[in-house]
Amino acid sequence: MIFFLFLTLLFLGISFFGFFHSKERVLQEENIQKNEDTLKENEKNEEKKKEEEKYKNTIFDENIPFKKSNIEWEEYTSKEFHFSMKYPKGWIISSNDVCLSGGYCNEIHIWFPSSFQKMQEWKKRNVAEQSPSPDILIAYEDMSEGHRYLLQGSETIEEFIEKHRENFPFVQNIDIDGKKTWMIKNQHGYPVYYIYTIHDEKIYEIFIKSEDESIITPENILDFTREFLSNFKFEK
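Residues numbered from 1 in each chain as written. Predicted model: local features only at pLDDT ≥ 70, side-chain atom pairs only at ≥ 80, totals over all residues. Heavy atoms only, no water.

A.B. asks: Would you mind showing me how to read the pattern of salt bridges here?
C.D. replies: Where charged atoms of side chains with opposite charge meet at close range, the side chains can pair. Per the counting criterion, the structure on display carries 4 salt bridges. Note that Glu159 and Lys163 form a salt bridge whose closest N and O atoms lie 3.2 Å from each other. Of this pair, Glu159 and Lys163 both sit in helix 3 (residues 157–163), 4 residues apart, which is roughly one turn of that helix. Accessibility expressed as a relative area gives 29% for Glu159, which makes it partly exposed. When the shortest N-O distance is used, the salt bridge between Glu211 and Lys209 registers 3.1 Å. A residue is classified by how much of its surface remains accessible, and Lys209, at 9% relative accessible area, is buried. (Salt bridge = Lys/Arg side-chain N within 4 Å of Asp/Glu carboxyl O. Helix = DSSP H or I, 4+ residues; strand = E, 2+ residues; numbered from the N terminus. Buried < 20%, exposed > 50% of the residue type's maximum accessible area, 1.4 Å probe, protein only.)

A.B. asks: I keep staring at the nonpolar core and nothing clicks. Help me out?
C.D. replies: Soluble globular proteins: nonpolar side chains tend toward being buried together. Ranked by internal contacts, the top residues of the largest apolar core, which has 29 residues, are Phe83, Ile136, Ile138, Phe228 and Phe232. Put simply, the parts of the chain that give this core at least two residues each are strand 2 (83–88), strand 4 (107–111), strand 5 (136–142), strand 6 (170–176), strand 8 (190–199), strand 9 (202–209) and helix 4 (221–230). When residues of this core are assigned to their parent elements, the largest contribution, 4 residues, is made by helix 4. Discounting residues that sit within four places of it in the chain, Ile136 has contacts with Trp91, Ile108, His109, Ile110, Phe207, Ile208, Ile216, Phe224 and Phe228. In this structure, Met143, Leu150, Val171 and Ile203 belong to the second largest nonpolar core, which totals 16 residues. (Core = buried A, V, L, I, M, F, W, Y, C linked by side-chain atoms within 4.5 Å. Contact = heavy atoms within 4.5 Å.)

A.B. asks: What should I look at first to understand the side chain of His109 in this one?
C.D. replies: Within the secondary structure, His109 sits in strand 4. Classification of His109 by relative accessible area gives buried; the value is 0%. Looking at His109, its side chain comes within polar contact range of the side chain of Glu107, at 2.9 Å. (Polar contact = N/O pair within 3.5 Å; in protein donor to acceptor, adjacent residues only side chain to side chain.)

A.B. asks: Which parts of the structure should I look at to understand the packing of aromatic side chains?
C.D. replies: For any pair of aromatic rings, the description rests on two quantities: the centre-to-centre distance and the angle between the ring planes. According to the stated counting rule, one finds 15 aromatic pairs in the structure shown. Ring geometry for Phe83 and Phe232: centres 4.8 Å apart, planes at 20 degrees, overall stacked. Within this pair, whereas Phe83 is found in strand 2, its partner Phe232 is found in the loop between helix 4 and strand 10 (233–234), the two being separated by 149 residues in sequence. The pair formed by Phe83 and Phe232 is uniform in burial state, with each residue classed as buried. For the pair Tyr194 and Phe207, a centre-to-centre distance of 5.2 Å together with 50 degrees between the ring planes defines the contact as tilted. Taken as a pair, Tyr194 in strand 8 and Phe207 in strand 9 lie far apart in primary sequence, 13 residues in all. Overall, Tyr194 belongs to the partly exposed group, its relative accessible area being 22%. Each member of the aromatic cluster is reached from another via a ring pair, and the members are Trp73, Phe81, Phe83, Trp91, Phe112, Tyr140, Tyr204, Phe224, Phe228, Phe232 and Phe234. Lying across the ring of Phe170, Lys185 places its NZ or CZ 5.7 Å from the centre. (Phe/Tyr/Trp six-rings, centres within 6.5 Å; stacked < 30°, edge-to-face > 60°. Lys NZ or Arg CZ within 6 Å of the ring centre and 35° of its normal.)

In structure tokens:
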């Protein structure tokens, strides 16, 4: 009788020990999982913060005025595009020489003389190589048409920029003639700037590139772009 009682107590003891040990192990595993989940969440948050910081990078300090150049400027007004601007004297303005926006040709091109010569030579050769791009390009698109060539199918400028964030690490909101404007710095070799704004239900894109042999160099392109934009006005 005592032996059976001993076995019963032993069995109960082992069962309770196993139960509590098992419960403790489950709690330990749950804690380990929680810690792992917390670490993963912290890593995600850190990555998110890095991404946010990356895209907070601005192109220039608006409190610091741009350095004015010694360029002699000429005035130009486009009744079709509804804007006026100033461009370097002696440069060549042309319209729709080369369709750069996916076959969309509401464009004005401004060429440094040597760049324009390269484009003319390219047209004579009639070859399949990539066409030379103008030093400054201004394009517009009526938003009511719904093509969205300039924004590559996006409905808004914000959506377009968000889709291409990895290519647009430097984005800054600026003002052009009272219009909210997005200025984007892109760099594949030489730095270039894309500027997007909306006026009278039209999307405008301004593209400015730099080259060593142009008066817009990698060193002065930012000051040049800011000076150029300061003279850009929309016609009412």
